[in-house]
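Summary of the model geometry
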Amino acid sequence: MKSKIQNKFKTLFGEGGNLFASAGRINLIGEHTDYNGGYVFPGAIDKGIMAQIKLNGLNKVRAFSLDYNEMVEFGLNEEDKPKQQWACYIFGVCRETIKRGGKVAGFDTVFAGDVPLGAGLSSSAALESCFAFAINELNGNNIDKFELAKIGQSTEHNYCGVMCGIMDQFASCFGKQGCLIRLNCKTLEYKYFPFDPEAAGYKLVLIDSCVKHELASSAYNKRRASCENAAAAIRKYHPEVEFLSDAKRVWLEEVRAEIPEEDFLRAEYVIGEVQRVLDVCDALERGDYETAGEMMYQTHFGMSRLYEVSCEELDFLNKLARKMDVTGSRVMGGGFGGCTINLVKKELYEPFIATAVEKFGEKFGHKPKVIDVVISDGARKVE
Ligand code: GLA
């Protein structure tokens, strides 16, 4: 990937420039908790985005995507928003940097990625973080890493129509090799947890269903609205509830009759999920992977039945994992397609993967993709 990017850059823009990279992410547990002020537990992975970038002395950006084999040129004013979705991520990052008082000089770039698209591994956060980090460096803006993550998040909100939380961009900016990071999305306190399942006899593997359902972003925004509605109802009686994650289960019961049943179920899932993150962290500190795995199954149940963001393909993979005594398995990321994350005993890895690929193929007519997880560094300058 690196030499392809460098060669293309030379052909299009000549010598010079710097290489920057950023990562996609996994999340062990804590799904749809970020925008509810709860905990998440992600880590950056060894798949991401790489970009060669050089300031061009002009007031515009010339960006070439190797994956789309397409060149887009845009100015840096609000009305210059490009038509191509992939370019909107870069444009959004430029605009959000400017809005925060940062300088953005025009630049040329060639970039490529190896995060499978639509798998729920946050290829878009990887793209945002890579450019947020690079623009900050090249313009000497001195914006801190949290604000860089927020630049990516605001790009999703204001230029891509997804009202996401902070998890993906946080993981992509703060990721560290061999570590998961527990983030409190309300206080933004975080803690690195060294994570080495192999040493304990386990492997972490993703099975990508390779399905992506339409309208995922509007369904996502709808989930968020349900949670905010439930939190607002509880707040009437318990004013200390700023986010849904501040609410106790019994407080939710109190307002059950006042909110749509659908919102009640969404909130029930979130309140349980926030606690599960803490329980999983405790379990891992004791080296108790079996308890951590059991929590993953509980998350899957909640995401499938209460939050309703799973789908037939992911439920199938989850059920199969349970049947084969896999330690933990659940749908990962926003849902509506994408992959399951699985914690598997080493000796079960081969038979589980072989069976999952075969049975899934028989049922759905295409093979899922198997992706081994390697926890790696986040946004950085490569050279
Ligand atoms: C997407 C969003 C995140 C988070 C997850 C679900 O990845 O971008 O902010 O809400 O879904 O946990």
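Preceding block: the structure.
Below or above, wherever it landed, is the structure these notes cover.

Cut-offs and rules
- Residues numbered from 1 in each chain as written.
- Predicted model: local features only at pLDDT ≥ 70, side-chain atom pairs only at ≥ 80, totals over all residues.
- Heavy atoms only, no water.
- Near = heavy atom within 4 Å.
- Polar contact = N/O pair within 3.5 Å; in protein donor to acceptor, adjacent residues only side chain to side chain.
- Areas by Shrake-Rupley, 256 points an atom, 1.4 Å probe, with all protein chains shown as cover.
- 1 Å grid on protein atoms, 1.4 Å probe; cavity = no way out; pocket = protein on both sides within 12 Å on 5 of 7 lines; lining within 4 Å.
- Sits in = over half its atoms within 2 Å of the grid points.
- Nonpolar A, V, L, I, M, F, W, Y, C, P; charged D, E, K, R; others polar.
- Helix = DSSP H or I, 4+ residues; strand = E, 2+ residues; numbered from the N terminus.
- Buried < 20%, exposed > 50% of the residue type's maximum accessible area, 1.4 Å probe, protein only.
- Contact = heavy atoms within 4.5 Å.
- Pairing = 2+ DSSP bridges.
- Points joined across faces, edges and corners; volume = space filled by probe spheres on them.

1. Some words on the site of the ligand
Taken together, Arg25, Glu31, His32, Asp34, Tyr35, Cys164, Gly165, Met167, Asp168, Tyr220, Gly333 and Gly334 make up the full set of residues near the ligand. Residue His32 places a main-chain N or O atom 2.6 Å away from an oxygen atom belonging to the ligand. For the ligand, the accessible surface in isolation is 300 Å², of which the surrounding protein chains cover 91%. In this structure, the ligand is accommodated by the largest pocket. Tallied by class, residues from the shell around the ligand come to four nonpolar, four polar and four charged.

2. Here's the deal with the side chain of Arg266
Mapping Arg266 onto the fold places it in helix α8 (residues 261-285). Arg266 gets classed as buried once you look at its relative accessible area, which sits at 3%. Residues contacting Arg266, with those up to four places away along its chain left out, are Arg223, Ser226, Leu306, Tyr307 and Glu308.

3. Here's the deal with the pairing of strand β6 (residues 107-113)
With six of seven residues buried, β6 lies mostly within the body of the structure. The pairing of strand β3 (residues 42-55) with β6 spans seven bridges and is antiparallel. Each residue of the ladder has a partner; that of Ala51, found in β6, is Phe111. The sheet contact formed by strand β4 (residues 60-65) and β6 spans five bridges and is parallel. The partner of Ser65 across the bridge, within β6, is Phe111.

4. Some details on the layout of surface pockets
The space that makes up the largest pocket amounts to roughly 1,100 Å³. For the largest pocket, the lining is made up of 45 residues, of which Tyr89, Ser122, Ser123, Ser124 and Lys212 are closest to its centre. Elements supplying a minimum of two residues to the lining of the largest pocket: β3, α2 (85-99), β6, α3 (123-138), α4 (145-160), α5 (167-174) and α6 (216-235). A per-class count over the lining of the largest pocket returns 19 nonpolar, 17 polar and nine charged.

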